[in-house]
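A look at the structure
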Amino acid sequence: AQSVTQPDIHITVSEGASLELRCNYSYGATPYLFWYVQSPGQGLQLLLKYFSGDTLVQGIKGFEAEFKRSQSSFNLRKPSVHWSDAAEYFCAVDGGGADGLTFGKGTHLIIQP
Amino acid sequence: DAGVTQSPTHLIKTRGQQVTLRCSPKSGHDTVSWYQQALGQGPQFIFQYYEEEERQRGNFPDRFSGHQFPNYSSELNVNALLLGDSALYLCASSFLPGGGSDTQYFGPGTRLTVL
């Protein structure tokens, strides 16, 4: 069965500092990979996705993620965070077919002024 | 272009009651998936509907059932509500040519509280 691990439950970053959120997945082949962001009480907004090809993918709001097959990782990065980036971030994997997305437990991002 | 819409926004029920949640997919999408997100957790897959059929379901009991209509909208029904069913219920839509995988776009969710 596929699984996703987000090792950091909370991360605190100063405004303007760089950010990296970790995601590791378990799946037999190369899955489809996603990062979503969720503001309090809201639905999920897609930040970026990886299906195939270039392992460095660009997303919205200045985010990027790098797929590393050897490490089974898909870490999310941003060079300079803004206070509006404070939210819950979820990494998800789709193994194909109709099994739906498998999500990690999320990382809560706190931005310090 | 409207995104995924869900109704109602909030719902309060008591144990043992039944509830129906509704979802309209993003324009051009033909597949609807439902997820349950408990407080402080990531969403968990309930089931997915494509061509008015349930394609696959996650680890949820038969109390959870669904339906997809010819216009691709969908309903999630939960019978015999338990306190543990309190959660944010998310609907996601996608377009699956040939039944493969594609990006899922989420609605704002329905917050269900069971007392």
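See the structure shown above.
Procedures and definitions
- Residues numbered from 1 in each chain as written.
- Chains lettered and ligands numbered in written order.
- Predicted model: local features only at pLDDT ≥ 70, side-chain atom pairs only at ≥ 80, totals over all residues.
- Heavy atoms only, no water.
- Buried < 20%, exposed > 50% of the residue type's maximum accessible area, 1.4 Å probe, protein only.
- Helix = DSSP H or I, 4+ residues; strand = E, 2+ residues; numbered from the N terminus.
- Pairing = 2+ DSSP bridges.
- Phe/Tyr/Trp six-rings, centres within 6.5 Å; stacked < 30°, edge-to-face > 60°.
- Lys NZ or Arg CZ within 6 Å of the ring centre and 35° of its normal.
- Contact = heavy atoms within 4.5 Å.
- Axes fitted to C-alpha atoms, helices over the stretch in contact; angles between N-to-C directions.
- Salt bridge = Lys/Arg side-chain N within 4 Å of Asp/Glu carboxyl O.
- Disulfide = S-S within 2.5 Å.

**With respect to the pairing of strand 8 (residues 74–78) of chain B**
All names here are of chain B. For strand 8, the tally of buried residues reaches five of five residues, placing the bulk of the element in the interior. Alternating residues of strand 8 divide into Ser74, Leu76 and Val78 and Glu75 and Asn77, and every residue in both groups is buried. Direction of pairing for strand 7 (residues 64–68) relative to strand 8: antiparallel, over a ladder of five bridges. Bridging from a neighbouring strand, Gly66 pairs with Leu76 of strand 8.

**Concerning the packing of aromatic side chains**
Counted by the stated rule, this structure contains 16 aromatic pairs over all chains. Their ring planes at 85° and their centres at 5.3 Å tell us that Phe47(B) and Tyr49(B) sit as a pair that is edge-to-face. For the pair Phe47(B) and Tyr49(B), one class covers both residues: buried. For the cation-ring pair, Lys49(A) lies above Phe51(A), with the distance from its terminal atom to the ring centre recorded as 5.3 Å. Lying over the aromatic face of Tyr105(B), Lys26(B) brings its terminal NZ or CZ to 5.6 Å of the ring centre.

**Here's the deal with the side chain of Asp85(A)**
Locating Asp85(A) in the fold gives a position in the loop between strand 9 (73–78) and strand 10 (87–94). Residues in contact with Asp85(A), not counting those within four places in the same chain, are Phe63(A), Lys78(A), Leu109(A) and Ile111(A).

**Quick word on the sheet that holds strand 3 (residues 19–24) of chain B**
Residues and elements named next belong to chain B. Taken in spatial order, the four strands of this open sheet run 1-3-8-7, and their pairing is antiparallel. At either margin of the open sheet sits one strand with a lone partner, and together these are strand 1 (5–7) and strand 7. The mean angle between the axes of side-by-side strands here comes to 20°, regardless of whether they run parallel or antiparallel. Pairing geometry for strand 3 and strand 8, over five bridges, is antiparallel. The residue of strand 8 that forms the bridge with Thr20 is Asn77.

**Some details on the pattern of salt bridges**
Residue and element names in this part refer to chain A. As enumerated under the stated definition, the model contains seven salt bridges over all chains in all. In this structure, the salt-bridge partner of Arg77 is Glu64, at a minimum N-O distance of 3.2 Å. In this pair, Arg77 sits in strand 9 while Glu64 sits in strand 8 (residues 64–68), placing the two residues 13 residues apart along the sequence. Overall, the relative accessible area of 23% leaves Arg77 in the partly exposed class. Via salt bridges that share partners, Glu64, Glu66 and Arg77 belong to a single interconnected network.

**Things to note about the state of the cysteines**
Residues and elements named next belong to chain B. Applying the stated criterion across every chain yields a total of two disulfides over all chains. The disulfide bridge from Cys23 ends at Cys91, spanning 1.8 Å between sulfur atoms. One disulfide, between Cys23 and Cys91, carries an S-S torsion of -60° and so falls in the left-handed class. Of this pair, Cys23 sits in strand 3 while Cys91 sits in strand 9 (residues 87–94), and the two are 68 residues apart along the sequence. Of the two residues, Cys23 and Cys91, both sit in the buried class.

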